[in-house]
Amino acid sequence: MPHDVTLIATIAVGFVLAFALGFVANKLRLPPLVGYLLAGVVMGQCLPNLMATNSMTGQLADIGVMLLMFGVGLHFSIPDLMAVRWIAIPGAVCQIVVATAMGTGMAMYFWGWTLGAGLVLGLSLSVASTVVLLKALDERNGVGTPNGRIAIGWLIVEDLAMVVVLVLLPAFTGMLGGHVPTTDHAADASLLASLGNTAVKVSAFVLILLFFGPKVMPWLLRQVARTGSRELFTLSVLAVSLGIAFGSAELFDVSFALGAFFAGVVLSESDFSHKAAANSLPLQDAFAVLFFVSVGMLFDPSILTRHPLMVAGVVGLILFGKALAALAIVGLMGYPLSTALTVAAALGQVGEFSFILAGLGVTYGLMPAEGVNLVLAGALISITVNPLMFGAVEKLTELVQQRPRWKAHFEDSRAERFDRLRSELEVARLELEKKLHAHKTFSPEELVARFPLFAGLTPEQRETLILHFLPKTASPGDRIIRSGDKAEAAYFLSSGEVEVAVNGRQISKLGAGGFFGEMALLSGDRRSADVTALDFCKYLALSQRDFRRFVRKYPSVYEQVVALAKERGNMNRQFLDDLAHGTVPPLA
Ligand code: CMP
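Residues numbered from 1 in each chain as written. Predicted model: local features only at pLDDT ≥ 70, side-chain atom pairs only at ≥ 80, totals over all residues. Heavy atoms only, no water.

Moving on, we get to the sheet that holds strand β2 (residues 479-481). Strand order in the open sheet formed by 4 strands is β2-β7-β4-β5, with antiparallel pairing between adjacent strands. Because the sheet does not close on itself, it has two edges, and the strands there are β2 and β5 (505-510). Between one strand and the next, the sheet's axes are offset by a mean angle of 30 degrees, whatever the strand orientation. As judged from the 2 bridges shared by β2 and strand β7 (residues 530-533), these two strands associate in the antiparallel manner. The residue of β7 that forms the bridge with Ile481 is Val531. (Pairing = 2+ DSSP bridges. Helix = DSSP H or I, 4+ residues; strand = E, 2+ residues; numbered from the N terminus. Axes fitted to C-alpha atoms, helices over the stretch in contact; angles between N-to-C directions.)

Structure, rendered in structure tokens:
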């Protein structure tokens, strides 16, 4: 081969195998995820020389995680996060503590590991992967449901907690019997200092993003959308998501995934969140596949025969230990069984953060190298089985719904809190919709229905045009255009009626669907008439620059506008002529 193509080989073989095995999995009625993971295992075992290094594969997977977390953020606004905080924060924290204790106990008691090793393993197993959860929810249309939101919120709290754990680990390492490589400066800092440092950095990041983001980011996307270039828009979405993810990791020590998530949250408040989501979806899908392939590649299957009991212990803890803990916690908090079951299923797997943490634990000499293999085995098996857990949860929920006694006991008697949370989520959704609606002038279809002038444009061109309109209103008697003024914009009347007057005399009336202010823009002269609102009017302003650009770009629109302006000009000349000759009746 002419030059090093290992990265290309990894991506190409990864996609081909993932596609083939994903397809087979689908035919066998298994989730495609299983196919992707297996593709990775095959690659790791059969083609190790052809493949990129582990670190490069890991980076590809990270891109997938970032894009996916960005997608989660896009569908998750700040009010949403606030609505689920009372269940997600205490729930996730309790569950991490319980699961870590279980993992530590198992490793110390049964395997004779040290406290440090047990803690790292326990913590790695205590968190679940948001990426895996999203795929599972997505397949069941569950992302937008209250239970889905609770589960996502819960896992996001876990992700945040893991950021803190990753930062604190070096400070604790010495105490737990490991040692941090000398290049890692964090080891020098005291515990309090690293805690304070992390708290300040993470808060600074979140504050900056939440304060400036909602103003700057939607504005930026709007400007890009106005260019009408789909390519530029997609690029801007990628630049924002990956840029913030990388920047936040570099500047604030926030993980890539979390940075990308907050970038998504900020953009979720903009009118373009749907467009941004749609444009980044294919990339999210493709890179998420690489994430699963890379998990498979890193996996060493020999662990299954070397330490079958340890693997069984890890898998048991992930699938049942964590699920039972979550079930108990959510139940104790007074939520219905269906919520507890969803969260339990959501937690029945481990993913991206677990690998990072286990890897660090080995690097710091806290955990035996086998620990990473155990976590990977646990991840591979639990991710494969997880969709079945969701299936079982669905069946169980249905079963409870069908039995009036069970339903009354497990669901109805516990509905109060859940209903409150659901209505909070509903309020958040309505508010967001209202906010987005306030910015919207028209849908592309409405635009054409109201202004036949634009019928010749493609839906995309209409959408771009809408972005250039500035909605305005006028009350009866308001003068929208004054004769002799300089021209700044053209106007499109969407409702109400205006009067056009030349020399103080009414010459015409325009109703909804009419436009005015084009004559001075086309000729470069001053305004030729007064335009006054006769009743409450809503109209859209198109600035001089945008008007010029627009008519230049769309000759069919230009011809219609010019023709009408000419007609109006002739009519006015005739009118002024008649006025001069006294054939127009004098004003009463
Ligand atoms: P402009 O000259 O920029 O500003 C006043 C506007 O009134 C003008 O553009 C036309 O859009 C509108 N206008 C002028 N004369 C008539 C007319 N005879 N009938 C309808 N509209 C007119």
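Text resumes after the structure shown.
In this fold, Pro170 is placed in helix α8 (residues 146-173). Once the C-alpha coordinates of Pro170 and Phe15 are considered, the two residues, 155 residues apart in sequence, prove to be 37 Å apart.

A separate point is the site of the ligand. Lining the immediate environment of the ligand, one finds 16 residues, of which Gly517, Glu518, Arg527, Ser528 and Asn572 sit closest. Between Arg527 and the ligand, the recorded distance is 2.6 Å, taken from a side-chain N or O atom to an oxygen atom. Here a nitrogen atom of the ligand sits 2.9 Å away from a polar atom, N or O, in the side chain of Asn572. Protein chains shield 99% of the accessible area of the ligand, which is 450 Å² for the free molecule. Counting only elements with at least two residues in the shell around the ligand, the list comes to β5, α22 (518-523) and α24 (555-580). Partitioning the shell around the ligand into residue classes produces 9 nonpolar, 4 polar and 3 charged. (Near = heavy atom within 4 Å. Polar contact = N/O pair within 3.5 Å; in protein donor to acceptor, adjacent residues only side chain to side chain. Areas by Shrake-Rupley, 256 points an atom, 1.4 Å probe, with all protein chains shown as cover. Nonpolar A, V, L, I, M, F, W, Y, C, P; charged D, E, K, R; others polar.)

Turning our eyes to something else, we now look at the pairing of strand β8 (residues 537-543). Along β8, 5 of the 7 residues are buried, which leaves the element largely enclosed by surrounding structure. Where strand β1 (residues 470-474) lies against β8, 5 bridges are found, and the strand directions are antiparallel. Note that in β8 the partner of Ala474 across the bridge is Cys537. In this sheet, β8 lies alongside strand β3 (residues 489-495) in antiparallel orientation, the contact comprising 6 bridges. Residue pairing in the sheet places Ala489 in a bridge with Ser543 of β8. (Buried < 20%, exposed > 50% of the residue type's maximum accessible area, 1.4 Å probe, protein only.)

Within the secondary structure, Glu499 sits in strand β4 (residues 498-502). Arg479 provides the closest opposite charge to the buried, salt-bridge-free Glu499, at an N-O distance of 6.0 Å. With near-sequence residues (within four places) excluded, Glu499 lies in contact with Gln506, Ser508, Asp530, Val531, Thr532 and Leu534. (Lys, Arg positive; Asp, Glu negative; His and termini not counted. Salt bridge = Lys/Arg side-chain N within 4 Å of Asp/Glu carboxyl O. Contact = heavy atoms within 4.5 Å.)

Our next topic: the pattern of salt bridges. Considering all chains together, one arrives at 14 salt bridges under this definition. Glu460 is the salt-bridge partner of Arg230, the closest N and O atoms lying 3.3 Å from each other. Placement of Arg230 in helix α10 (residues 230-252) and of Glu460 in helix α21 (residues 459-468) is noted, with a sequence separation of 230 residues between them. Overall, Arg230 belongs to the exposed group, its relative accessible area being 52%. Judged by relative accessible area, Glu460 falls into the partly exposed class, the value being 45%. A salt bridge links Asp530 to Arg479; its shortest N-O distance comes to 3.7 Å. Taken together, the positions of Asp530 in strand β7 and Arg479 in strand β2 put the pair 51 residues apart, joining distant regions of the chain. Take Asp530: its relative accessible area is 12%, and that puts it in the buried class. Owing to a relative accessible area of 42%, Arg479 belongs among the partly exposed residues under this scheme. Through salt bridges with shared partners, a single ionic network connects Arg226, Asp546 and Arg549.

Turning our attention to unusual backbone geometry. One non-glycine residue, Asn141, adopts positive backbone phi at about 55 degrees. By the secondary structure assignment, Asn141 is in the loop between α7 (130-139) and α8. Positive phi, close to 55 degrees, is recorded for Asn503, a residue that is not glycine. Note on placement: Asn503 falls in the loop between β4 and β5.

Where α10 meets helix α12 (residues 273-298), the axes come as close as 9 Å, and the angle between the chain directions of the two elements is 80 degrees. With respect to α12, the axis of α10 lies roughly perpendicular. Of α12, the residues touching α10 (which contributes Arg230, Phe233, Thr234, Val237 and Leu238) are Lys275, Ala276, Asn279, Ser280 and Leu283. (Parallel < 35°, antiparallel > 145°, perpendicular 65-115°, else oblique.)

As a further point, take the packing of α12 against helix α17 (residues 370-402). At their nearest, the axes of α12 and α17 sit 9 Å apart, and the two run at 135 degrees to each other. In terms of axis orientation, α12 runs oblique to α17. Note that α12 runs across α17; the crossing there is left-handed. Here Phe292, Val295, Gly296 and Leu298 of α12 lie close against α17, whose contacting residues are Asn373, Leu376, Leu380 and Ile383. (Left-handed = near helix turned anticlockwise from the far one by under 90°.)

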